[in-house]
Amino acid sequence: MSFYKYKDYIEEGDLVLAFISRQTIKPLTVKKGEQLNTRYGHFQHDRMIGMKYGEQMGGARGYGFIYLLHPTPELWSISLPHRTQIVYTPDSSYIMQRLNVTSGTRVIEAGTGSGSFTHAFARTVGPEGRVFSYEFHEPRYLEAKKEFVEHELQNTLITHRDVCNDGFEINNIPEEFSQDGLINGDVIFLDLPAPWTAIEHLDKVISKKNRVGICCFSPCIEQVDKTIKALQDNGWINIQMTEIAGRRWEARKDMVKDLKDVVKRLKDIQSRKSQGIENRRSIKVAGEKRDFEEVDNDSEEDQLKGKGFNPFGKGTRIKEGDEIYDWRNVTKIETEIKTHTSYLTFAYFIPSDN
Amino acid sequence: MSSEDVKSVATSEYNSQVIAYGQYVLVRLPSEGLKLVYLKETGIVNLGKFGSFQVSGVIGYKLGQSFEIIEDQQVKPISHISEITEDNGPEVENEDDGETPLSKDMLTSYFTNSSDNNQNIINIGSKIQQLTNEDIDELKKSGASSGIGQQIIEKMISGHEGFDKKTIFSQQKYLRRKQQKFLRRFSVEYVSASQLLEYFIQKDLPRVLDISEETLGLIMSYGNIRPGGNYLLIDETGGVILYAMLERMKGQGSVLVLHDNEHANLSALKYSNYSEETQSKMIKTINWLQFLEPENERIDWEHVSETELADMKPSKKAQYERRTKRAGEINSVIELAQQGNFDAFISVSTLSLPTLLPEVLPKIGGSRPIVLYSQFKELLLDTQHFLSVDKRVLAPSILETRARIYQTILGRIHPMMTSRGYGGYILWGTRVIPQESGITAVGRGVSKRRKENTESSPEVATDSTQ
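The shown structure was predicted, so the numbers you read here are calculated from the model rather than taken from an experiment. Residue numbers run consecutively from 1 along every chain, following the written order of its sequence. In the order they appear in the text, chains get letters beginning with A and ligands get numbers beginning with 1. Given that this is a predicted model, residues contribute local features only at a pLDDT of at least 70 and side-chain atom pairs are listed and counted only at 80 or more, while totals for whole chains, interfaces and linings are drawn from all residues.

A. Broad picture of the overall build of chain A. Helix and strand assignments come from DSSP, with helices taken as H or I runs of at least 4 residues and strands as E runs of at least 2, each series counted from the N terminus. Helix and strand content of chain A: 10 helices and 14 strands. The size measure is the radius of gyration over C-alpha atoms, and the globule rule it meets is 2.2 Å times the number of residues to the 0.38 power. For a compact globule of 354 residues, the expected C-alpha radius of gyration is about 20 Å, and chain A comes in at 31 Å, more than 25% above that figure. Over its C-alpha atoms, taken along the principal directions, chain A stretches across nearly 110 × 55 × 30 Å. In this scheme the burial state of a residue depends on its C-beta neighbours within 10 Å: 20 or more other such atoms mean buried, 12 or fewer mean exposed, and anything in between means partly exposed; the C-beta positions come from the backbone. By residue count, 39% of the 354 residues in chain A fall in the buried class.

B. Local environment of the overall build of chain B. The helix and strand tally for chain B stands at 17 helices and 15 strands. Counting all 466 residues of chain B, 35% fall into the buried class. Any residue pair is listed as a contact if its two C-beta atoms, each placed from the backbone, are within 7 Å. Within chain B, residue pairs in contact and separated by at least 24 positions form 68% of the contacts whose partners lie at least 6 positions apart.

C. Expanded view of the interface of chain B and chain A. Taken together, the contact pairs 68 residues of chain B with 68 residues of chain A. Taken together, the elements giving at least two residues each to the side of chain B that touches chain A come down to α7 (213-222), α8 (240-249), α15 (377-390), β13 (393-407), β15 (425-431) and α16 (446-452) of chain B. A per-element tally of the side of chain B that touches chain A places β13 of chain B first, with 12 residues. Class assignment for the residues of the side of chain B that touches chain A results in 26 nonpolar, 26 polar and 16 charged. When strand β12 (residues 237-255) of chain A meets β13 of chain B, the two strands line up antiparallel, connected through 8 bridges. By the bridge assignment, Arg248 of chain A is partnered in β13 of chain B with Leu399 of chain B. For this classification, Asp, Glu, Lys and Arg are treated as charged, while Ala, Val, Leu, Ile, Met, Phe, Trp, Tyr, Cys and Pro are nonpolar and the rest, including Gly, are polar. The pairing criterion for strands is at least two bridges between them, as found by DSSP.

D. Inspection of the nonpolar core at higher detail. A set of buried Ala, Val, Leu, Ile, Met, Phe, Trp, Tyr and Cys residues, joined to one another through C-beta atoms within 7 Å, is what we call a nonpolar core. In terms of nonpolar packing, the biggest core is built from 105 residues, with Leu233, Leu242, Met245 and Ile426 of chain B touching the most fellow members. Not counting chain neighbours up to four residues away, the residues in contact with Ile426 of chain B comprise Thr215, Leu218, Ile219, Tyr222, Val371, Leu372, Tyr373 and Leu399 of chain B. Membership of the second largest hydrophobic core comes to 56 residues, among which are Val125, Tyr134, Ile183 and Ala198 of chain A.

E. Molecular detail of the sheet that holds strand β7 (residues 185-190) of chain B. Residues and elements named next belong to chain B. Strand order in this open sheet of 5 strands is β2-β1-β7-β5-β6, and the pairing throughout is antiparallel. A strand with exactly one partner marks an edge of an open sheet, and here the two such strands are β2 (34-38) and β6 (75-78). Shown here is a sheet whose adjacent strand axes are inclined to one another by a mean of 35°, direction ignored. Alignment of strand β5 (residues 66-69) against β6, held across 4 bridges, turns out to be antiparallel. Bridge pairing in β6 links Ser66 to Ile78. Structural elements are reduced to axes, namely lines fitted to C-alpha atoms, with helices fitted over the stretch in contact, and the angle between N-to-C directions of any two is expressed from 0 to 180 degrees. Most of the contacts of helix α6 (residues 193-203) go to β2, to which it runs at about 125°, and overall it touches β1 (24-28), β2 and β7.

F. The arrangement of unusual backbone geometry in detail. The omega angle of the peptide bond from Ala110 of chain A to Gly111 of chain A is -15°, so this bond is cis rather than trans. Positionally, Gly111 of chain A belongs in the loop between β7 (106-110) and α4 (116-125). Notably, Thr42 of chain B is not glycine yet its phi reads approximately 60°, a positive angle. Summarising the element assignment, Thr42 of chain B is placed in the loop between β2 and β3 (44-46). What makes Thr42 of chain B exposed here is the crowd of 8 C-beta atoms within 10 Å. A positive phi angle, close to 60°, is found at Gln73 of chain B, a residue other than glycine.

G. Spatial organisation of the sheet that holds strand β2 (residues 24-29) of chain A. Residues and elements named next belong to chain A. Spatially, the 4 strands line up as an open sheet ordered β2-β1-β6-β5, and their pairing is antiparallel. Each end of this open sheet is capped by a strand with a single partner; those strands are β2 and β5 (56-58). Averaged over neighbouring strand pairs, the angle between their axes works out to 35° when direction is ignored. Judged from the 6 bridges that link them, strand β1 (residues 15-21) and β2 form a sheet pairing that is antiparallel. Its bridge partner lying in β2, Val16 is registered against Leu28.

H. Examining the environment of Asn341 of chain B more closely. Take Asn341 of chain B: it is sitting in the loop between α13 (314-339) and β11 (345-348). Along the chain, Asn341 of chain B and Tyr38 of chain B lie 303 residues apart, while their C-alpha atoms are 39 Å from each other.

I. The arrangement of helix α5 (residues 138-150) of chain A in detail. Residue and element names in this part refer to chain A. By this rule, a helix spans an expected 1.5 Å times one less than how many residues it contains. Compared with an ideal rise of 1.5 Å per residue, which puts 13 residues at 18 Å, α5 spans 18 Å between its outermost C-alpha atoms and is within 8% of the ideal. Looking at the buried positions of α5, the neighbouring elements they touch are β8 (130-135) and β9 (156-160). In the segment just after α5, Glu152 is the residue with positive phi, at about 55°.

J. Region of interest: the pairing of strand β8 (residues 230-235) of chain B. Residues and elements named next belong to chain B. With 5 of 6 residues buried, β8 is to be regarded as a mostly interior element. The sheet contact formed by β8 and strand β9 (residues 254-259) spans 4 bridges and is parallel. Within the sheet, the bridge partner assigned to Leu232 lies in β9 and is Leu256. If you view a crossover with the strands going away from you and the path from the first strand over the helix to the second runs clockwise, you call it right-handed. One crossover worth recording links β8 to the parallel β9 by way of α8, and it is right-handed.

K. Focus on the packing of helix α3 (residues 89-98) of chain A against α7 of chain B. Two elements in contact, α3 of chain A and α7 of chain B, have axes separated by 8 Å at closest approach and are oriented at 105°. For the element pair α3 of chain A / α7 of chain B, the angle class is roughly perpendicular. Of the residues in α7 of chain B, those touching α3 of chain A at Thr89, Pro90, Ser92, Ser93, Tyr94, Met96, Gln97 and Arg98 of chain A are Glu213, Glu214, Leu216, Gly217, Leu218, Met220, Ser221 and Tyr222 of chain B. When its residues are assigned to classes, the contact of α3 of chain A with α7 of chain B shows 7 nonpolar, 6 polar and 3 charged. Note on angle classes: values under 35 degrees are labelled roughly parallel, values over 145 roughly antiparallel, values of 65 to 115 roughly perpendicular, and the remainder oblique.

L. Local environment of the packing of α6 of chain B against α8 of chain B. All names here are of chain B. Following both chains from N to C, one finds α6 and α8 inclined at 165°, their axes separated by 9 Å at the closest point. Between α6 and α8, the angle is such that the two are roughly antiparallel. As α6 packs across α8, the resulting crossing turns out to be right-handed. Residues Ala193, Leu196, Leu197 and Phe200 of α6 form the contact with α8, whose own contacting residues are Val240, Tyr243, Ala244 and Glu247. For a crossing to be left-handed, the near helix must be turned anticlockwise from the far one by less than a right angle; the clockwise case is right-handed.

Laid out in C-alpha cells, this is it:
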C-alpha cells in the first residue's frame with residue numbers, strides 16, 4: 001500500500017525511488033542479493049533493508065551516494081518509465097483540484113498512457129474511491145496492468161478497450177468496483193487523440209446522483225474545437241478551456257558589482273602600469289632589486305581575487321557564492337520550460353432525475 | 001430522487017450531491033458575483049438586484065443546478081445560467097408571458113441585421129441608447145421575474161440606434177452583457193475548497209495571501225494529501241488550506257495546526273459540513289510556545305481524590321472537570337507534536353521560513369514532503385539558499401503555476417484579455433536524513449580526493465556537484 005500510506009523502514013519487496021540527481025530518480029524493488037549500479041557508485045539492496053526512508057546511502061566502494069525515497073505519485077511521475085507523453089503535476093494537480101477529486105471520488109480515465117496520472121488519481125481518491133482506467137494499446141495496457149498490481153493500486157481497474165468505438169461499459173464489473181452494477185463515474189479525464197468521439201458514450205457510465213465533471217486533455221486547438229462541439233451536443237454545460245503554465249525557478253547568486261570598484265580598479269591598473277615603467281627605469285638606472293614589501297602590498301583577500309585590485313575576480317575561476325565576493329540572491333527560470341502541455345477543456349453534466 | 005433519498009444523502013456530512021437544508025452553498029450569479037448562503041428551512045435568499053427566492057424551491061435538486069426566478073420568490077430549474085432555450089415555438093414575442101426565455105429564434109431575429117465589420121460604428125456614448133435609466137427603473141418595478149429582464153433587454157436592443165451596425169459577434173456580446181445584468185438567474189453549488197477559495201479571492205484576496213486555485217492544487221498534490229495522513233500545517237488564511245485538506249481526507253487522518261496567536265483562526269471551517277465531532281477528531285491545534293517549549297507549557301494537573309471530589313460543590317466540581325479535560329487536551333497535543341513523524345509539512349504563512357524550519361524539520365518523517373507557500377518568490381529564494389546549506393531537505397524547488405483561462409466560444413476561442421494578477425509560489429522538497437560522515441560525493445575533483453584518500457567531511461558528504 002505504498003502509494004496510500006507512508007512507512008518508515010525499508011523492507012524486502014518495497015518499491016524505493018533511488019534519488020541519484022535532480023534529473024535521475026531510479027525506481028527499484030528491493031531484493032536481497034541485487035545491486036543498483038550507477039555512474040555514482042554501487043548500492044547493495046541488502047544494505048537498504050532496515051534503513052529509513054529518506055536516508056542517505058553511501059556507495060559500496062566508499063564513494064557516491066543516493067537517497068532512498070518513499071514513492072509518491074509526484075516523485076513517480078519524475079522517475080517512471082515513459083511509454084507515452086505524460087501528464088505532469090502542474091496539470092494533474094489543477095485538474096484534481098478543479099474537479100474536486102477527493103477521497104471517495106469515482107474517476108474514469110482514458111487512456112492510461114504511462115499511468116502517471118492514474119497513480120495520482122488512485123492516491124487522491126484513496127481506498128474509498130475507484131479509478132476506472134482504459135487503454136487501447138495492448139502492450140501499454142499489459143505493462144500498466146502489471147505495474148498497478150506491483151504498486152498495489154487496489155482501487156484501480158484497468159481495461160483494455162478502445163473507448164471511442166466501444167464505449168466505457170464493463171461487463172461483470174468486479175464487485176468491489178461496482179456500484180449497483182454500474183461504474184457511476186463522478187469525474188472523467190479524457191487524454192485521447194479524438195475525445196469528441198468518446199463523449200457520446202459517457203452517459204451510460206456517469207453518476208446519476210450528482211454533478212459530473214470532465215476534463216479533456218488535447219494539445220491542438222482543432223481538437224478543442226471538436227471537443228467543445230461534442231460536449232455541447234451531449235448536454236454538457238459550463239464549458240471552459242484553460243491552459244496551465246508550470247515553471248520552476250532556480251535559486252542562484254549574482255555578484256554585486258559596485259561602479260566605484262570599477263573605477264578603483266581602473267586607477268589601480270593605471271598606477272601599476274606607471275609604477276612598472278618607473279620600476280623598469282629605476283632598475284636600468286640603479287640595477288638594484290626591489291623590496292618584497294614594495295612588490296605586493298595587497299591584502300590577503302585581494303590576493304585571492306587575482307593580481308592587483310580585482311574586486312570581481314576577473315580572469316579567475318569563481319565559484320558562485322564564494323564568500324570573498326559580494327552576492328545577492330536571485331532567481332533564474334529553468335533552462336528549458338514547458339511552453340505548452342495541452343489544452344484542458346472542462347465541463348459539467350447535471351443528470352436529470354428521470 | 002425521492003425525498004427519503006434526499007434526506008439520507010443530505011444528512012451525510014460529506015454531501016456534495018443534493019441541495020439540502022442545513023448546509024452552506026455557493027450561489028453564483030450571472031454577473032459572476034458569488035454569495036455563500038446557509039440554507040434554512042422556510043428561509044428566503046436575497047440576491048439584491050437579482051431578486052430573492054425561497055430556499056424550499058431549490059431543495060432536492062443536484063448541487064450545481066441553475067435556476068431562474070419566476071415570480072413570488074419562486075424558481076424553476078434551467079439548464080445553465082446563460083441558457084438560450086431552443087424549442088420555444090413561434091409565439092416567442094408574447095410579451096405578456098413573463099416566463100419566456102430568450103430563444104434561438106429570437107436571437108437570430110435580432111442578429112439578422114448585422115454588419116460585417118465595425119466600419120460604421122461611431123462612439124457617441126450613452127446617447128445611442130433611446131431607453132433612459134428612468135424607463136428601465138420603471139420596467140424593473142413592474143415585476144420581479146426574469147421575464148421582465150428579458151423585456152428590458154428587448155427594449156434596449158430596439159432602442160439602440162447602432163445595434164444593426166454592430167457585427168454579429170459584438171451583438172452577441174452585447175446581449176450576453178445585458179443578460180448578465182437583467183436576467184434573474186443563479187446556480188447553487190457545493191462549497192468545495194476551490195469554490196470557497198474562489199469566493200475569498202473575489203471578496204478578500206489578501207485574506208488568502210494571493211493564493212490561486214492552481215497553486216492550492218499544487219500544494220495538495222506535492223504535499224501528498226490523502227485520506228489517513230497525519231500532517232503538520234501552518235495556515236494563515238483562516239482555515240482555507242485546512243478546509244482543502246479536510247476535503248481530500250474525508251474524515252480519515254489528522255492535521256496538527258501550528259498557530260501564532262493564542263487560538264488558531266480557522267473561521268473558514270464554518271462553511272463546511274463537517275460535524276463538531278469529526279472536526280475535533282481530525283483537527284488539533286498548538287501554538288508556537290507550546291511547540292517550542294513543551295516542558296514549560298505542559299500542565300501538571302493535580303488530580304484530587306475521589307473523596308475530595310465527592311465533597312466539592314457542584315459548580316466547583318464542574319469547573320474542576322472542565323479544567324482536567326482542558327489540561328488533558330493540551331498535554332496530548334504537546335505529546336503529539338513531540339512525537340513528530342508527520343507525513344508532510346505544509347506552510348501557508350508570512351513567517352520567516354529560515355527561522356521556523358530548523359524547529360519544524362526534526363518533526364517531519366523521513367522522505368515526507370515539505371511544501372512552503374509564499375506570495376513572494378523572494379522569500380522562498382532566501383529559504384532555498386538556507387536549505388541548500390541545511391541539507392535536510394532534498395532537491396528544493398521553487399515552483400509557479402498559472403492558469404490561463406480562455407473565452408470558450410466555438411469559432412472565437414482566445415485567451416481572456418485580462419485577468420487579476422495573483423497566485424503565489426511554492427517551495428517543494430523532500431525531508432531527508434543525510435549521513436553524518438563516511439560519504440564521498442562523486443563529482444568534480446573526486447578522483448583527486450580519492451587519490452589523496454582524505455577523510456570526507458559532512459560538507460563534502462552532500463556536495464551538490466553529484
